[in-house]
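# Architecture at a glance
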Amino acid sequence: MSLPVHPRRSARIHLNAFAMMCAGHQSPGLWRHPEDQGFRYTDLDHWTSLARLLDDAGFDALFLADVLGVYDVAGGSRDAAVRAGIQVPLGDPMMPVSAMAAVTSSLGFGVTVSTSYEHPYALARRFSTLDHLTKGRVGWNVVTGYLESAAANLGLGAQVPHDERYAQADEYLDVCARLWWDSWEDDAVVRDVAGGVYTDPSKVHEISYHGRYFDVPGPFLCEPSPQRSPVIFQAGASPRGLAFAGQHAEAVFVSGPSTEVVGGQVSRLRDAVSDAGRDPASVTVFAQLAPVVAASSAEARERYESYVSAYSREGALALFAGWTGLDLTGIDPAEPLRYVESDAGRSALASFTTDDPSREWTVDEVARHLAVGGRGPVAVGSGAEVADQMEAWVDETGADGLNLAYAVTPGSFAQVASFVVPELRRRGRMPEKPEPGMLRERLAAR
Ligand SMILES: Cc1cc2nc3c(=O)[nH]c(=O)nc-3n(C[C@H](O)[C@H](O)[C@H](O)COP(=O)(O)O)c2cc1C
């Protein structure tokens, strides 16, 4: 496989923390490990202290994933996912954000919301409100969803077909952009006490949007927020997903088991950005990685083994089946995986099959790979060793930073803050201290 066509142009490594409002995000079953505090996800204090930790350590953002259904593809039942705590029970990721913003000064917040299940007029207002309350530190991870169970519960019966979901998302983003950018002029709010005018009506405009999926006359309800629009993140690397990212994304999450796979995703993504007439270097790409760090290599290795021993194979297969639509339960563990097209997500399965034909994955190898941190690699070692692996990963893939999945929370992030961040700073790959500013400016720094 060839190296990425678009080489990195900067020493800087952006850091993003990857979490979800549940007890079991990307490391199936690790809630059983004594170090894990993920079960505290219903305490606001769990989130505010995590946010403070990340802010102090100079992370660019905390990214909260979300789904709107249970993982019920494996074995045709929800039981495995429910038993193993696979992204259920699950709360609403927007709720803790304003509290986290109140106790931090630089950290950004990426919130995942699907374009398939709620109206853009209502969602655009929620993001504008959060952008005000965070003083311009909010991002939106735009997803189209992959679970039939979500579609069933939200009144659609079945999912809209894969590529059409992206067509709908294109239009959804157009509606939002018109509401955020074209409805209210910068100086619409005048607060003229003597004249009795709060807002000048001539500076608030209808958007008169008539599309295939949405009709939105406007005007918007919110006055312009600090960034006007949340930073648009995206995370689907199928051909249609890449075309969508090329048009809209300001930051992109990629994920795969090897630098070959992820380098290919980054390269195709930058091509798609270029095809859409934009500068490919302007998009900030985060590659997923799960760090397992300790004071020494031996301790880190021991820690990693203790994580693996807590993992749930049944949970891993439930997770994988939900992402890909492919049910591997009951299949011979030594059976090699093959790509099949589905209406679930496509890039997750491609990253273990067609993205790197030279590497064949068996069912058991995939389940085991997902044990710690999901689809990305695991970096195990001392601070210096993990910093080496992080540097290698971004330099070899052409990504701009890393999306760090946790094995245990907040422990995995605390390990990075204590052992790895000082090392990356010493090497000139992170700024000496967190830089103030809005999320968009922060991510643009190279
Ligand atoms: C790092 C990463 C995080 C993702 N987070 C979510 C998420 O929180 N919710 C979701 O519905 N999809 C999520 N996805 C899935 C994608 O956004 C996308 O919907 C899925 O990959 C299907 O698109 P594709 O067929 O283009 O790959 C994530 C993907 C990646 C790589």
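Note: the structure precedes this text.
Here goes a summary of the coordinates provided. (Residues numbered from 1 in each chain as written. Predicted model: local features only at pLDDT ≥ 70, side-chain atom pairs only at ≥ 80, totals over all residues.)

Take the site of the ligand next. Contacts to the ligand come from 23 residues, most closely from Ala-65, Gly-236, Ser-238, Gly-241 and Gly-345. Counting residues per element, the ones that place at least two in the shell around the ligand are strand 3 (108–114), strand 10 (251–254) and helix 11 (347–350). When the residues that make up the shell around the ligand are grouped by side-chain class, the tally is nine nonpolar, 12 polar and two charged. (Near = placed C-beta within 6 Å. Helix = DSSP H or I, 4+ residues; strand = E, 2+ residues; numbered from the N terminus. Nonpolar A, V, L, I, M, F, W, Y, C, P; charged D, E, K, R; others polar.)

It is worth spelling out the nonpolar core at this point. By size, the foremost hydrophobic cluster in this structure holds 140 residues, and its most contacted members are Leu-62 and Val-252. At eight residues, helix 6 (residues 162–182) tops the list of elements feeding residues into this core. Apart from residues lying up to four places away in sequence, Leu-62 is in contact with Ala-17, Ala-19, Ala-51, Leu-54, Leu-107 and Phe-109. (Core = buried A, V, L, I, M, F, W, Y, C linked by C-beta atoms within 7 Å. Buried ≥ 20, exposed ≤ 12 C-beta atoms within 10 Å, placed from the backbone. Contact = placed C-beta atoms within 7 Å.)

If you check helix 1 (residues 44–57), its first and last C-alpha atoms are 20 Å apart, about what 14 residues at 1.5 Å a residue would give, namely 20 Å. What helix 1 keeps buried is the set Trp-47, Leu-50, Ala-51, Leu-53, Leu-54 and Ala-57. Buried residues of helix 1, viewed axially, fall in a sector of 160°; they line one side. Turned more than 90 degrees away from the buried face of helix 1 sit Leu-44 and Asp-45, all of them exposed. Residues of helix 1 that are buried make contact with strand 1 (14–20), strand 2 (61–65), helix 3 (97–102) and helix 14 (411–426). Downstream of helix 1 by one or two residues, Gly-58 has phi in the positive range, about 85°. (Expected span 1.5 Å × (residues − 1). Arc of directions from axis to C-beta.)

Below, the discussion takes up the packing of helix 1 against helix 14. The N-to-C vectors of helix 1 and helix 14 enclose an angle of 15°; their axes lie 10 Å apart at closest approach. One way to sum up the angle between helix 1 and helix 14 is to call them roughly parallel. Remark: the crossing between helix 1 and helix 14 carries left-handed chirality. Every residue of helix 14 that contacts helix 1 at Leu-50, Leu-53, Leu-54 and Ala-57 is listed here: Phe-413, Ala-414, Ala-417 and Val-421. Here the contact of helix 1 with helix 14 is composed, by residue class, of eight nonpolar, no polar and no charged. (Axes fitted to C-alpha atoms, helices over the stretch in contact; angles between N-to-C directions. Parallel < 35°, antiparallel > 145°, perpendicular 65-115°, else oblique. Left-handed = near helix turned anticlockwise from the far one by under 90°.)

When you tally the buried positions in strand 3, you get seven out of seven residues, the bulk of the element. Burial of the side chains of strand 3 extends over both faces: Gly-108, Gly-110, Thr-112 and Ser-114 are buried on one face and Phe-109, Val-111 and Val-113 on the other. Direction of pairing for strand 2 relative to strand 3: parallel, over a ladder of four bridges. Paired with Phe-63 across the strands is Gly-110, a residue of strand 3. Examined bridge by bridge, strand 3 and strand 4 (residues 138–143) share six bridges and lie parallel to one another. By the bridge assignment, Gly-110 is partnered in strand 4 with Gly-139. The β-α-β motif built from strand 3, the intervening helix 4 (residues 120–133) and the parallel element strand 4 has right-handed crossover chirality. (Pairing = 2+ DSSP bridges. Right-handed = clockwise from strand over helix to strand, strands pointing away.)

Among the 10 residues of strand 11 (residues 284–293), 10 are classified as buried, and the element is accordingly described as predominantly covered. Of the two faces of strand 11, the one carrying Thr-284, Phe-286, Gln-288, Ala-290 and Val-292 and the one carrying Val-285, Ala-287, Leu-289, Pro-291 and Val-293 are both buried. In this structure, strand 10 lies alongside strand 11, joined through four bridges in parallel fashion. Bridge pairing in strand 11 places Phe-253 opposite Phe-286. Taken together, strand 10, helix 8 (residues 259–275) and strand 11 constitute a β-α-β crossover, and its handedness is right-handed. Note that strand 11 and strand 13 (residues 401–405) share four bridges and pair parallel. Looking at the pairing, Gln-288 lines up with Asn-403 of strand 13. Sheet analysis places strand 11 next to strand 12 (residues 378–381), joined by four bridges and oriented parallel. Bridge pairing links Ala-290 to Val-378 in strand 12.

What follows covers unusual backbone geometry. The amide bond that connects Val-88 to the next residue, Pro-89, takes the cis arrangement and shows omega of 5°. For the bond running from Thr-409 to Pro-410, omega is 0°, close enough to zero to count as cis. Mapped onto the fold, Pro-410 is located in the loop between strand 13 and helix 14. Non-glycine residue Arg-191 carries a positive phi angle of around 45°.

Quick look at the environment of Val-421 now. You can see Val-421 is positioned in helix 14. Taking the C-beta count within 10 Å as the criterion, Val-421 has 19 such neighbours and is therefore assigned partly exposed. The sequence separation of Val-421 and Trp-181 amounts to 240 residues, and the corresponding C-alpha distance is 37 Å. Setting aside anything within four residues of it in sequence, one finds Val-421 in contact with Ala-57, Gly-58, Val-416 and Met-430.

Between two packed helices, the angle of one axis relative to the other and the distance separating the axes together describe the packing. Where helix 4 contacts helix 6, the axes come no closer than 9 Å and their chain directions differ by 50°. Regarding the angle of helix 4 to helix 6, the classification is oblique. Along this stretch, helix 4 crosses helix 6, giving a crossing that reads as right-handed. Contacts from Pro-120, Ala-124 and Ser-128 of helix 4 reach helix 6 at Tyr-172, Val-175, Cys-176, Leu-179 and Trp-180.

What follows covers helix 6. End to end, helix 6 covers 30 Å across 21 residues, agreeing with the expected 30 Å (1.5 Å per residue, within 8%). Listed as buried for helix 6 are His-162, Arg-165, Tyr-166, Ala-169, Tyr-172, Leu-173, Val-175, Cys-176, Arg-178, Leu-179 and Trp-180. The inward-facing, buried residues of helix 6 contact helix 4, strand 4, strand 7 (209–210), strand 8 (215–216) and helix 7 (239–248).

Turning next to the environment of Pro-257. By secondary structure assignment, the location of Pro-257 is in the loop between strand 10 and helix 8. For Pro-257, a count of 23 C-beta atoms within 10 Å corresponds to the buried category. Separated by 191 residues in sequence, Pro-257 and Asp-66 place their C-alpha atoms 22 Å apart. Ignoring any residue separated from it by four or fewer positions in sequence, one finds Pro-257 in contact with Ser-351, Phe-352, His-369, Arg-375 and Pro-377.

These results come straight from atomic positions and should not be treated as a statement about function.
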